[in-house]
Amino acid sequence: VVTDLMDKLTHIFGQGLSNSFYPVPQQAIGVGSAFEGWSPCAEDVVYRVLVPLSPPPGHAFHLELDTAGIPQRNFCVRVELLCTCTREQLGENMLCFLHHPEEELKRKQDPSLLHTLCTGSYLDVEKTVHWFYQFLRVTWLLLPQSCHWRLMLQPSSRSCKFQLSKDKESFMVEMIFGVRQGDSDIFVDSQPTEVGIPSTTWLETYAVAEAKFFRHISRKAPHDSWHCKCLQLLTRILIGVGFSSYTLKTVVMHLLNTIPLTQWRRRDFRHRLMDILKYIHCSLETKRLNHFIIGNERFPMEISLPSDFRAAEPLNLFQHLASNPDAHTKARHEYVHLLHK
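Every value quoted in this text rests on a predicted model; they were computed, and no experiment measured them.

### Focus: the domain arrangement of the protein chain
In step 1: Parsing the protein chain into structural domains produces domain 1 (1-206) and domain 2 (221-340).
In step 2: Distance between the C-alpha centres of domain 1 and domain 2: 31 Å.
In step 3: Regarding the contact of domain 1 and domain 2, the summed buried area is about 1500 Å², with carbon and sulfur atoms giving 67% of it.
In step 4: Applying the counting criterion to the domain 1 and domain 2 interface returns one salt bridge.
In step 5: Partitioning the side of domain 1 that touches domain 2 into residue classes produces seven nonpolar, four polar and five charged.

Structure, rendered in structure tokens:
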């Protein structure tokens with residue numbers, strides 16, 4: 001349902017905005033636990049989709065590193081105007097933003113992206129989300145899904161959230177907007193991770209590459225593989241325990257990359273659960289849990305990464321435990337609590 005909805009929405013978007021200079025949405029990509037196959041709570045599942053944005057004609061996006069963070073880096077998306085005089089000479093119905101008088105541009109052409117969704121020269125997350133909300137509100141009745149489903153928009157400043165309901169069926173969708181790094185599967189996206197983040201800040205995300213890794217594993221694993229059930233069960237147990245589901249997901253991805261996929265069947269379930277718990281324990285003792293993608297030379301080559309990712313220094317997701325003895329002690333207690341649960 002979500003995939004079909006996003007395909008139709010993107011199609012209408014392309015038609016309705018063909019003569020304007022807003023970002024161009026590309027085919028949405030399902031990310032997160034719901035699309036990877038291990039959602040811990042079926043009743044609370046949120047279907048997250050990342051919508052890649054491409055620059056409109058006469059514009060270019062440039063990613064500028066803002067401040068370094070762990071594990072995510074912050075970027076700004078600088079919008080640059082490009083000369084389109086050649087396209088104009090070829091008969092395309094577009095005036096060059098750089099070489100036409102401003103008055104003529106105002107009279108004959110929609111404003112550039114710099115004058116709609118940017119703050120200064122940078123693409124603004126909150127303006128982009130608000131613009132998409134407005135478009136979705138207007139176009140919903142044009143979608144065939146509107147005959148059967150009821151749409152309820154949910155307030156959010158850095159993503160587009162809505163609930164779809166029909167009879168007794170209901171589910172949540174969250175659209176996150178992203179800009180691709182080169183031609184890789186690494187993006188910067190609008191998803192918030194902290195309060196008070198500037199509206200021109202986009203965070204590096206590995207969600208698309210991780211979702212592709214799970215699909216890569218599913219293609220290679222036996223049809224009765226229980227790797228997702230391992231992750232699903234332990235994530236349910238983690239509710240109320242201090243470890244994040246991302247920590248657990250990272251551990252499972254590392255083990256999927258090292259333990260033969262033929263050893264993740266139902267009969268191996270208990271052994272794999274013990275392997276996961278031992279891996280967490282070892283990571284706690286060494287105060288080190290390597291990021292699964294950054295610095296991982298064994299990451300599948302079929303998934304495209306920026307050229308410096310595989311050879312980079314592995315990023316330690318437990319760096320905060322190495323620098324904070326109280327946090328390390330607390331994490332060890334939480335691990336004991338996890339074992340008891």
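That was the structure; now back to the text.
### A look at the pattern of salt bridges
In step 1: Counted under the stated rule, the structure contains 15 salt bridges.
In step 2: Here Glu174 makes a salt bridge to Arg48, at a shortest N to O gap of 2.7 Å. Separated by 126 residues along the polypeptide, Glu174 in strand β10 (residues 169-180) and Arg48 in strand β3 (residues 46-54) bring together distant segments of the chain.
In step 3: Its relative accessible area of 3% is what places Glu174 among the buried residues.
In step 4: Among the salt bridges present, the one from Glu102 reaches Lys106, with a minimum N-O distance of 3.6 Å. Remark: Lys106 and Glu102 occur in helix α4 (residues 102-108); sequence separation between them is four residues, near one turn of the helix. As far as burial versus exposure is concerned, Glu102 and Lys106 are alike and both exposed.
In step 5: Each of Glu36, Glu210 and Lys249 takes part in a single network of salt bridges with overlapping partners.

### Some words on the packing of helix α7 (residues 227-238) against helix α8 (residues 245-256)
In step 1: Two elements in contact, α7 and α8, have axes separated by 10 Å at closest approach and are oriented at 155 degrees. For the element pair α7 / α8, the angle class is roughly antiparallel. Both α7 and α8 take part in a crossing whose hand is right-handed. Seen from α7, the contacting residues are His227, Leu231, Leu234, Thr235 and Leu238; seen from α8, they are Ser245, Leu248, Lys249, Val252 and Leu256.

### Topic: the packing of aromatic side chains
In step 1: Within this structure, the stated rule accounts for 16 aromatic pairs.
In step 2: Judged by centre distance (6.1 Å) and plane angle (85 degrees), the rings of Phe213 and Phe214 are edge-to-face. Each member of the pair, Phe213 as well as Phe214, is classed as buried.
In step 3: Put simply, the rings of Phe13, Tyr22, Trp131, Phe132, Phe135 and Phe177 touch in pairs and so form one group of aromatic residues.
In step 4: The aromatic ring of Trp226 is capped on one face by Lys229, whose charged end is 5.1 Å from the ring centroid.

### Structural notes on helix α6 (residues 207-220)
In step 1: With 14 residues, α6 extends 20 Å from end C-alpha to end C-alpha; this agrees with the ideal 20 Å at 1.5 Å per step.
In step 2: When α6 is considered as a whole, its buried residues turn out to be Ala207, Val208, Ala209, Glu210, Ala211, Phe213, Phe214, His216 and Ile217.

### Some details on the nonpolar core
In step 1: Phe213, Ile276, Ile280, Leu284, Ile293 and Phe299 are the most contacted members of the largest nonpolar core, which has 46 residues in total.
In step 2: When we break this core down by domain, the ones giving at least three residues each are domain 1 (1-206) and domain 2 (221-340).
In step 3: Here Ile280 is in contact with Phe243, Leu248, Val251, Tyr335 and Leu338, once residues within four sequence places are set aside.
In step 4: Among the nonpolar cores identified, the runner-up in size contains 39 residues, and Phe13, Phe171, Val173 and Val188 belong to it.

### Considering the pairing of strand β8 (residues 150-154)
In step 1: Pairing of β8 with strand β9 (residues 160-166) involves five bridges; the strand directions are antiparallel. Within β9, the position partnered with Met152 by the bridge is Gln163.

### A word on the environment of Gln319
In step 1: In this structure, Gln319 sits in helix α10 (residues 319-323).
In step 2: Note on Gln319: relative accessible area 36%, which makes it partly exposed.

### A few points about the side chain of Ser283
In step 1: Tracing the backbone shows Ser283 in helix α9 (residues 269-286).
In step 2: Taking the relative accessible area as the measure of exposure, Ser283 reaches 5% and is therefore buried.
In step 3: At 2.9 Å, the side chain of Ser283 forms a polar contact with the backbone oxygen of Tyr279.
In step 4: The residues contacting Ser283, other than those within four sequence positions of it, are Arg288, Leu289 and Phe318.

### A short note on unusual backbone geometry
In step 1: Positive phi is not limited to glycine here, since Asp167 has a value of about 55 degrees.
In step 2: In this fold, Asp167 is placed in the loop between β9 and β10.
In step 3: Overall, the relative accessible area of 80% leaves Asp167 in the exposed class.
In step 4: One non-glycine residue with positive phi stands out, namely Lys287, at about 55 degrees.
In step 5: By secondary structure assignment, the location of Lys287 is in the loop between α9 and α10.

Basis of the calculations
- Residues numbered from 1 in each chain as written.
- Predicted model: local features only at pLDDT ≥ 70, side-chain atom pairs only at ≥ 80, totals over all residues.
- Heavy atoms only, no water.
- Domains from an automatic or database assignment.
- Buried area = accessible area lost by both parts, 1.4 Å probe.
- Salt bridge = Lys/Arg side-chain N within 4 Å of Asp/Glu carboxyl O.
- Nonpolar A, V, L, I, M, F, W, Y, C, P; charged D, E, K, R; others polar.
- Helix = DSSP H or I, 4+ residues; strand = E, 2+ residues; numbered from the N terminus.
- Buried < 20%, exposed > 50% of the residue type's maximum accessible area, 1.4 Å probe, protein only.
- Axes fitted to C-alpha atoms, helices over the stretch in contact; angles between N-to-C directions.
- Parallel < 35°, antiparallel > 145°, perpendicular 65-115°, else oblique.
- Left-handed = near helix turned anticlockwise from the far one by under 90°.
- Contact = heavy atoms within 4.5 Å.
- Phe/Tyr/Trp six-rings, centres within 6.5 Å; stacked < 30°, edge-to-face > 60°.
- Lys NZ or Arg CZ within 6 Å of the ring centre and 35° of its normal.
- Expected span 1.5 Å × (residues − 1).
- Core = buried A, V, L, I, M, F, W, Y, C linked by side-chain atoms within 4.5 Å.
- Pairing = 2+ DSSP bridges.
- Polar contact = N/O pair within 3.5 Å; in protein donor to acceptor, adjacent residues only side chain to side chain.

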